[in-house]
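# Examination of the molecular architecture
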Amino acid sequence: MREDFEAETGGTFSVRTPFGRRYAFDDSGRPERLTAGRSNRLHRVESAGPNRDRSVATDLADATGGGIFDDATNRLRTAGVRTRRNRTTNRPRRVRAGRLRRNPMTEPSRRDVLSGLLAAAAGSAAAESGGASRRQSRFPDTVVTSREQLERTFENLSAGETVWISDEGAPYRTTRWLDVDVDGVTVVGPGVRRLVMPADGANVGGIRIGHNGRCENVEVHGVGYHGNPDGQRPSAKRLHGFVVRDATAVLLSGNSTTRTHPYHEHNTGGSGISVERRATDVVVANNYVYDVGDRGIQLAGDRIAVVGNTVVNGFDHSVALDAWVPDERHATNVLVRGNVMGGNPQGALVGASGGRQESNVGYFDVSNNLGFGEHKSLCLVGFGQALRGIQIAGNVSVQSKKGKFSGVSLAIERAEDVTVRGNDLYDYAGRGIDIGGGIEDFTVSDNAIYDAGEAGIRVAGATDGVVRDNYVDGAGGAGILLDGARYVTVGGNRVRRVGGAGVVSRNAPNLARHLIADNYLKEFGRSDGTSPGILVGDSGVNVRRNYVLRSGAPAIVERGGAGRNRYEDNWADADGPNPWRIGSATSAVAGHSPAVDAHRGLTPDGRGNAIRVEFEKPYADPPKLAFGRRGGGVRGVSYATDGNGDFVGATVTLAGRGGVVDVFVESV
C-alpha cells in the first residue's frame, strides 16, 4: 500500500490517505476534501502545531474507518488514540523532521486474511508475517529520498523501524549491500522496478536479511532491484537481488529483480532471491523475477512458501529447492504454489539437482504452477540422499524447443511417499513423467500427458507404487513403461496414439509382481505397426480386465523367457489375427474375449470317433477343456506332452461316429 503525504511550512497542511483521498487543512483545523491534484513527491513534516497532529489523525481515521475528531468540540478524541503531547505544555509534540509516526490503530489488511492460508504451508512464518504486515499500513518512521540517506538508514536501522523508499531518488546507485540485521523491520518501496541499482564498480547486490546477525519478523515490499551486471567486476560472485541468510519469519512480497551479477553463470551467478540454509519460516510471494543471472529463486533452510511469483526469462532453475552456497544445502518443508514460470533454458522450472548433501527428510509440495517456454523439466528432483514427502500436483506446463528432458523427472537415491497427481504436461521431448530407481511408495495419478517424445510414463527401478487414472496421448514411445520396477499397479489408465506398446513390463530383477488392470488402450504401435497393446517381458505379472482396441497388432504379447503370469478376463476386438500371443507353459489364461486357444468345428478323422486337438500354447498343468458343440457326446479325454513334460495337446473321444465339436482350452 502506497502512502503519499504532502506538507508545507505555511499555515496549511495537505495529506493524501492510503486510499487515495486528499485533504487540506487551514488554520481552523477543519479538513477540506480536494478532488484534483496528485503529487508523487514525499515531503517531510517540518512545522509543529495542533493542526499538524490533527491532520495526521484525520488521515488515520480515513484509513481505518474510525472517527478521531470529536464533532462537538473539534478536538482530538483520546479514547483509544495515543497522541503525543509535550509533558510541560500538554500540547501536541512536534513531528520530527524526516520521520512520520506510526498509526497505533489499524484494521487487518488483506495480508492478514491471506496469512491464514499461507500459515498452512509455511507454518509460523506466515502467521507471524500476517501480524507483522500490519506495520506496512502504519506511517513510516523514515522516508528515504537519496542514496546517501538510504545507505545511512540501513546502516543504522532500529528494531521495529519502518522505512519508505521513495521513487524520488530512483534509481538509488548503491555502493554497499543494504543489510537488515535487527528485528521487526519493514522496508516499503513504491513498486518501481529500478528503484535500487548498484553503482559501477560497487560489486554488491541488493538487500540482505540476517547477514551479520540473526533477526526475525522482517518484511520487504515493493522494492525493485537491477543488478547492473555490466558495471560489476567479473570476480564478484553471487550478487543476488534479495538474500535471506540467518533469519526467521520473513516476508518478501511485491518486489522485482533483474539482471543480477554475474549474468548467465552457473552456480556462482546472481540469483533473483536466495533463501539460505539458516533461514526459517520465509514467505516469498507475488514477486516479479525476470532475466536474472543464474536462478530465479533458490531455497535452502526450512519452512518456506513460494507463492504467486512470476519468474521468467532466466537462466538456470526458475525455483531451485537447493541453494548454491559454499555449504550447499537443499530446503525442507517447502511449498511452491501458484507461480508462473518459463523461459529458463539451462534449468527446470522447479529443480533440486545438487549432489550428495547432508540428508534430511524433504517434504516438497509443488502445486498449481503454470509453466511455458524453453526449459528442461517442469519439476526435476535428483539427489544422492534420502528424501520423503514429495508432492507434484495440479501443474500445467508446455515445453518449447525440444531437448531430451522429461516433464517430471525424479531420480533420487532413496525416497518414499512420492505423489505426482493431476498435472497437464504438453510436448516434452523426453518422457512425460519419469519415476527413477530408489523410490518406493509412490503414486502417479490423474495426469494428462500429450505428445511426449518418449514414453508417456516411465517407472524405472522404483517399487511399491500405483500408476492409475492417467491419460497418455501421442507419446513417441510406450504409453506406460515399467522398466526394472517391482510391485507396481497400473490401473484405469487411457492410452492412445502412442508409438510403442500401450503398457510394457520388462527388466524386473526377479518376479515383478505387477498388476495391470482395467486399462483402455487404443491406437498403439504407431511407429512400427507391430507393438501390442500390452507387452509382458517379466514374470509374476497379473494382467486382467483390460480393454484393447487394436489396429492389426496383437492385444497382449508375452515375450520369450517370461512366465508364471496370469491373464484373466481381457477383451480385444476381433479385427486382425490372433490377439493373444502368450507362449509360456507356466502362464495361466482364462476368460478372455475372444477366447484363447479356441478350436471350433472339429470333426473326427476318417471313420474313427477321436478328435485330436493341438494347443496354441503349452501348459505346465493339464488345462481344462470346455465344449460347445459335442458331436453326440464326449466319452473321454487324454493329454499329450512334449519333451519338457508340458501339455501340448489332447485327444477327445466321442460317444459316436461323426458330429462336430467345439473345444475351448483354459488354464486351471
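Residues numbered from 1 in each chain as written. Predicted model: local features only at pLDDT ≥ 70, side-chain atom pairs only at ≥ 80, totals over all residues. Heavy atoms only, no water.

Attention now goes to the pattern of salt bridges. Side-chain pairs of opposite charge can arise whenever the charged atoms involved come near each other. What the rule picks out here adds up to 31 salt bridges. Arg173 is the salt-bridge partner of Asp200, the closest N and O atoms lying 3.6 Å from each other. Residue Asp200 is found in the loop between strand S8 (186-188) and strand S9 (207-209), and its partner Arg173 is found in the loop between strand S6 (162-165) and strand S7 (178-180); the two are separated by 27 residues along the sequence. Assessed through its relative accessible area of 60%, Asp200 is described here as exposed. The partner of Asp281 in a salt bridge is Arg303, with the nearest N and O atoms 2.5 Å apart. Highlighted residues: Asp281 in strand S16 (residues 280-285) and Arg303 in strand S19 (residues 302-307), separated in sequence by 22 residues. Given the relative accessible area of 4%, Asp281 is considered buried. (Salt bridge = Lys/Arg side-chain N within 4 Å of Asp/Glu carboxyl O. Helix = DSSP H or I, 4+ residues; strand = E, 2+ residues; numbered from the N terminus. Buried < 20%, exposed > 50% of the residue type's maximum accessible area, 1.4 Å probe, protein only.)

With that settled, consider unusual backbone geometry. Note that the residue after Ala170, namely Pro171, is joined by a cis bond; omega there is -5 degrees. With an omega dihedral of -5 degrees, the bond running from Ser593 to Pro594 counts as a cis peptide bond. By secondary structure assignment, the location of Pro594 is in the loop between strand S52 (588-590) and strand S53 (598-602). Its identity is not glycine, yet Glu523 carries a phi of approximately 55 degrees, on the positive side. Tracing the sequence through the fold places Glu523 in the loop between strand S44 (520-522) and strand S45 (534-536).

Within the open sheet, the three strands sit side by side as S53-S58-S55. Their pairing is antiparallel. Single-partner strands in this sheet number two, and they are S53 and strand S55 (624-630). Strand after strand, the sheet turns through a mean of 15 degrees between neighbouring axes, direction not considered. (Pairing = 2+ DSSP bridges. Axes fitted to C-alpha atoms, helices over the stretch in contact; angles between N-to-C directions.)

Turning our attention to the confidence of the model for the protein. On average, residues of the protein score 81 in pLDDT, and 77% of them reach the 70 mark or higher. Every residue in residues 1-137 is under pLDDT 50, and counting partners more than four places away or in other chains gives 256 contacts. (pLDDT = per-residue confidence, 0-100. Contact = heavy atoms within 4.5 Å.)

Inspection of the entire model under this criterion finds eight aromatic pairs. Between Tyr547 and Trp571, the ring centres sit 4.3 Å apart and the planes meet at 10 degrees, which makes this aromatic pair stacked. Taken together, the positions of Tyr547 in strand S47 (residues 547-549) and Trp571 in strand S50 (residues 571-572) put the pair 24 residues apart, joining distant regions of the chain. Plain terms: the ring middles of Tyr639 and Phe647 are 5.7 Å apart, the flat faces sit at 80 degrees to each other, and that makes the pair edge-to-face. Using a relative accessible area of 34% as the deciding quantity, one classes Tyr639 as partly exposed. Using a relative accessible area of 16% as the deciding quantity, one classes Phe647 as buried. An aromatic cluster is defined as three or more aromatic residues linked by ring pairs; in this entry it consists of Phe615, Tyr619, Tyr639 and Phe647. (Phe/Tyr/Trp six-rings, centres within 6.5 Å; stacked < 30°, edge-to-face > 60°.)

Attention now moves to the nonpolar core. Counting residues in hydrophobic clusters, the biggest one holds 103 residues, and the most contacted among them are Ile209, Leu299, Ile435 and Phe442. If we ignore the near neighbours within four places in the chain, the residues touching Ile435 are Leu410, Val420, Phe442, Val444, Arg458, Val459, Ala460 and Ala462. Grouped together as the second largest cluster of nonpolar side chains are 13 residues, Ile611, Phe615, Leu654 and Val665 included. (Core = buried A, V, L, I, M, F, W, Y, C linked by side-chain atoms within 4.5 Å.)

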